[in-house]
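# Observations on the model geometry
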Amino acid sequence: MDHGLPDSQRREMPAAIVHLSQQVIAAEERIRSSITETPLELVSQLVPNLPISLYFKMENRQETGSFKLRGATNKILSLTPRQRTDGVIAASNGNHGLGVAAAAKRNGVSAEVYVSSHVSPAKAQRIEQYGARLQRSGSGPLDAELAARAAAEKSDKVFISPYNDLEVMAGQGTIAVELCRQVPRFDAVFVAVGGGGLIGGIGAYLKCAAPQAQVVGCWPEASRVLYESIKAGRIIDVPEEPTLSESTAGGLEAGSVTLDVCREVIDRSVFVTENEILQAMQLVRQTRGWLIEGAAAVAVAAFLKDARHYAGKTSVVVICGGNLSPEVLRRLG
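We now turn to the structure provided with this report. (Residues numbered from 1 in each chain as written. Predicted model: local features only at pLDDT ≥ 70, side-chain atom pairs only at ≥ 80, totals over all residues. Heavy atoms only, no water.)

## Quick look at the packing of helix α9 (residues 225-232) against helix α10 (residues 258-265)
Helices that pack against each other are described as a pair by the angle of their axes relative to one another and the distance between those axes. Packing of α9 against α10 leaves a shortest axis separation of 10 Å and a crossing angle of 80°. It follows that α9 is roughly perpendicular to α10 by the angle criterion. Contact with α9, carried on its side by L226, S229 and I230, involves L259, C262 and R263 of α10 and no other residues of that element. (Axes fitted to C-alpha atoms, helices over the stretch in contact; angles between N-to-C directions. Helix = DSSP H or I, 4+ residues; strand = E, 2+ residues; numbered from the N terminus. Parallel < 35°, antiparallel > 145°, perpendicular 65-115°, else oblique. Contact = heavy atoms within 4.5 Å.)

## Quick look at the pattern of salt bridges
Tallied over the full model, the rule gives 22 salt bridges. Here E63 ties to R106 by a salt bridge, and the two come within 2.6 Å at their closest N and O atoms. Residue E63 is found in the loop between β2 (53-58) and α2 (68-77), and its partner R106 is found in helix α4 (residues 95-106); the two are separated by 43 residues along the sequence. Among the ionic pairs, E253 bridges to R149, the shortest N-O distance being 2.2 Å. With E253 in the loop between α9 and α10 and R149 in helix α6 (residues 141-155), this residue pair connects regions lying 104 residues apart in the sequence. Judged by relative accessible area, which is 23%, R149 ranks as partly exposed. (Salt bridge = Lys/Arg side-chain N within 4 Å of Asp/Glu carboxyl O. Buried < 20%, exposed > 50% of the residue type's maximum accessible area, 1.4 Å probe, protein only.)

## Quick word on the pairing of strand β5 (residues 133-136)
Both strand β4 (residues 111-115) and β5 contribute to a ladder of 4 bridges, which runs parallel. Note that in β5 the partner of V113 across the bridge is L134. (Pairing = 2+ DSSP bridges.)

## What about α10?
Counting buried residues in α10 gives 7 out of 8 residues, a clear majority hidden from the surface. T258, L259, V261, C262, R263, E264 and V265 are the residues of α10 that are buried. For α10, the elements touching its buried residues are α1 (15-31), α7 (166-182), α8 (197-209), β8 (214-220) and α9.

## Points about the nonpolar core
The biggest cluster of nonpolar side chains holds 79 residues, and the ones touching the most others in it are F56, V189, F190, I202, L206, F303 and V317. It is helix α12 (residues 294-306) that contributes the most residues to this core, 9 residues altogether. If we ignore the near neighbours within four places in the chain, the residues touching L206 are A176, C180, F186, V189, P211, A213 and V215. With 27 residues, the next largest nonpolar core counts V88, A90, I127 and I160 among its residues. (Core = buried A, V, L, I, M, F, W, Y, C linked by side-chain atoms within 4.5 Å.)

## Looking at the sheet that holds β5
The 4 strands lie next to each other as β5-β4-β3-β6, forming an open sheet whose pairing is parallel. Of all strands in the sheet, those with a lone pairing partner are β5 and β6 (158-160), marking the two edges. Strand-to-strand twist in this sheet, taken as the mean axis angle between neighbours without regard to direction, amounts to 25°. Packed onto the sheet, α4 meets β3 (88-91), β4 and β6 and runs at close to 160° relative to β3.

## Digging into the sheet that holds strand β1 (residues 40-42)
Across a sheet, paired strands are connected by hydrogen bonds in the backbone, their directions being either parallel or antiparallel. The strand order across the open sheet built from 6 strands is β1-β2-β10-β7-β8-β9, with neighbouring strands paired in mixed fashion. Here the strands that pair on one side only, and so sit at the sheet edges, are β1 and β9 (268-272). Strand after strand, the sheet turns through a mean of 25° between neighbouring axes, direction not considered. Where strand β7 (residues 188-192) lies against strand β10 (residues 314-319), 3 bridges are found, and the strand directions are parallel. Among the inter-strand pairings, A188 is bridged to a residue of β10, identified as S315. Together, β1, β2, β7 and β10 form the strand contacts of α7, whose direction differs from that of β2 by roughly 135°.

Pasting the structure below:
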């Protein structure tokens with residue numbers, strides 16, 4: 001189902017979005033030698049009965065299995081010498097923590113990662129394997145995030161937010177720079193939304209470099225905090241249900257910079273059910289042999305749900321990651 005934002009929230013791109021797009025360009029130059037330019041895979045056969053061109057942007061092929069390495073790398077490469085010496089603190093139940101740990105290790109920076117009690121043991125172990133110190137706090141991602149911020153303020157270390165940081169957002173937006181190099185023209189890009197850092201960075205760049213491309217936000221019906229916050233005009237608490245899209249779950253930190261950015265750059269919003277997410281994961285595995293995580297499948301499911309609207313057009317789905325917890329693997333069968 002299509003959920004467009006109110007017309008009153010559609011305005012000409014403000015200077016802040018233009019500035020963020022410029023930050024994305026600078027970030028792409030800064031991190032180019034540290035990350036993988038992930039490939040595009042043509043997967044039009046997923047919708048055999050429609051004349052479409054469909055590509056997957058394979059961020060699951062980054063070193064850490066997720067796009068999060070981009071934002072973490074840009075942030076760490078932007079630190080002052082003193083900040084690098086002091087080390088960094090992050091909060092993440094998985095992909096962001098992996099990205100920060102990997103980027104920190106590569107650049108000789110110590111890292112401490114806060115996780116909630118529900119972190120996957122497998123992801124926690126991988127974070128520690130990169131040399132980061134793990135701290136457990138609270139029952140949800142937002143609890144860990146708030147604890148990490150408090151620890152960073154107390155120790156005067158840099159806190160690297162998963163989304164509430166313009167340098168992190170600019171790093172995630174480098175995906176869009178690559179897309180514009182890889183596809184001469186495309187009509188839509190589908191992106192799973194959690195805290196909004198990924199779609200905010202991608203959207204800001206595309207609004208300036210490829211304004212014809214529709215930016216489609218994709219949410220699990222069970223977890224739609226940012227969407228409801230955009231509608232409300234402020235960050236609000238929204239009840240959530242368990243979701244296969246583990247990487248997009250959780251609340252938003254008060255004052256998050258992603259709220260205003262995403263209000264400006266998201267053109268359409270599509271919600272998908274847990275069954276649709278699971279079916280998308282299964283379809284991709286059956287047709288291509290690829291394991292994609294639930295958040296990536298949210299974007300795939302959203303495209304499949306609305307594919308008829310994109311007949312005769314070129315669309316890109318961002319496969320944001322491929323790190324599946326054992327619990328999700330069991331559901332996948």
